[in-house]
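# Reading the structure
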Amino acid sequence: QVQLVESGGGLVQAGGSLRLSCADSARTVSNYAMGWFRQAPGKEREFVAALTGTGRRIYYADPVKGRFTISRDNAKQMMYLQMNSLKPEDTAVYYCAADPHIVTMTSGVPDYWGQGTQVTVSS
């Protein structure tokens, strides 16, 4: 049973930084592609970033390129999203996701999801 648990969300001023964490608490997805999605109020969930099981291939959505950095530590069963230069439009619930295949992840339909963590950026 895959269990993904996000943490690190909160309220930050524009221009600030946050680091989100995703724990693979059941230790089941160390070889899976993992990624982050977000959903703002009234909008559809959108892809943010993803990386392969080894971390060698990384993908970002255009709005976050140059500001966000995704990484993982398979030894600790953890994935991270470092978010810098945050903007009010980054306000959303951020979801951790996992899937055996990176293509499924970047297509927006991964098999496994966390519960989400709220990120609010004030102007």
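Preceding this section is the structure that the text describes.
Residues numbered from 1 in each chain as written. Predicted model: local features only at pLDDT ≥ 70, side-chain atom pairs only at ≥ 80, totals over all residues. Heavy atoms only, no water.

## Considering the nonpolar core
Generally speaking, a soluble globular protein has its nonpolar side chains buried in company with each other. With 26 residues, the main nonpolar core has Met 34, Trp 36, Leu 81, Met 83 and Tyr 94 as its most contacted residues. Breaking this core down by element, the ones donating at least two residues are strand E3 (18-24), strand E4 (33-39), strand E5 (46-51), strand E7 (68-73), strand E8 (78-83), strand E9 (92-99) and strand E11 (117-122). When sequence neighbours within four positions are dropped, the list of residues in contact with Met 34 reads Leu 4, Cys 22, Val 29, Ala 50, Leu 51, Ile 70, Arg 72, Met 79, Cys 96, Ala 97, Ala 98 and Met 105. Counting residues in each nonpolar core, the second largest holds eight residues, with Ala 33, Phe 47, Ala 50 and Ala 97 among its members. (Core = buried A, V, L, I, M, F, W, Y, C linked by side-chain atoms within 4.5 Å. Buried < 20%, exposed > 50% of the residue type's maximum accessible area, 1.4 Å probe, protein only. Helix = DSSP H or I, 4+ residues; strand = E, 2+ residues; numbered from the N terminus. Contact = heavy atoms within 4.5 Å.)

## Some points on the state of the cysteines
By the definition in use, this model includes one disulfide. A sulfur-sulfur distance of 1.9 Å marks the disulfide that ties Cys 22 to Cys 96. Here the S-S torsion is close to -65°, and the disulfide linking Cys 22 with Cys 96 is therefore left-handed. With Cys 22 in strand E3 and Cys 96 in strand E9, the pair connects residues that are 74 residues apart, well separated along the chain. One exposure class covers both Cys 22 and Cys 96, and it is buried. (Disulfide = S-S within 2.5 Å.)

## A closer look at the pattern of salt bridges
According to the stated counting rule, one finds four salt bridges in the structure shown. Across the pair Arg 38 and Asp 90 runs a salt bridge, and its minimum N-O distance is 2.9 Å. Here Arg 38, found in strand E4, pairs with Asp 90, found in the loop between E8 and E9; they are 52 residues apart in sequence, far enough to count as distant. The exposure class of Arg 38 is buried, given its relative accessible area of 6%. (Salt bridge = Lys/Arg side-chain N within 4 Å of Asp/Glu carboxyl O.)

## A few points about empty space enclosed by the protein
A complete count under the given rule lists one cavity of 30 Å³ or more for this structure. Considering only enclosed or pocket space, the largest cavity measures out at about 40 Å³ in volume. Around the largest cavity sit Asp 24, Val 29, Ser 30, Met 34, Arg 72, Asp 73, Asn 74, Gln 77 and Met 78, which together line it. Residues of the lining of the largest cavity, tallied by class, amount to three nonpolar, three polar and three charged. (1 Å grid on protein atoms, 1.4 Å probe; cavity = no way out; pocket = protein on both sides within 12 Å on 5 of 7 lines; lining within 4 Å. Points joined across faces, edges and corners; volume = space filled by probe spheres on them. Nonpolar A, V, L, I, M, F, W, Y, C, P; charged D, E, K, R; others polar.)

## What to know about the sheet that holds E7
Read across the open sheet, the four strands follow the order E1-E3-E8-E7; overall the sheet is antiparallel. Edge strands, defined here as strands with exactly one partner in the open sheet, are strand E1 (4-7) and E7. Neighbour to neighbour, the strand axes of the sheet diverge by 15° on average, direction disregarded. The sheet contact formed by E1 and E3 spans four bridges and is antiparallel. (Pairing = 2+ DSSP bridges. Axes fitted to C-alpha atoms, helices over the stretch in contact; angles between N-to-C directions.)

## Here we look at the environment of Leu 20
You can see Leu 20 is positioned in strand E3. On the basis of relative accessible area, Leu 20 is assigned to the buried category, the value being 0%. Distance in space between the C-alpha atoms of Leu 20 and Val 119 is 9.2 Å, their sequence separation being 99 residues. Not counting chain neighbours up to four residues away, the residues in contact with Leu 20 comprise Ser 7, Gly 8, Gly 9, Trp 36, Met 79, Tyr 80, Leu 81, Met 83, Tyr 94, Thr 117 and Val 119.

Fair warning: the whole summary comes from geometry, so function is off the table for now.
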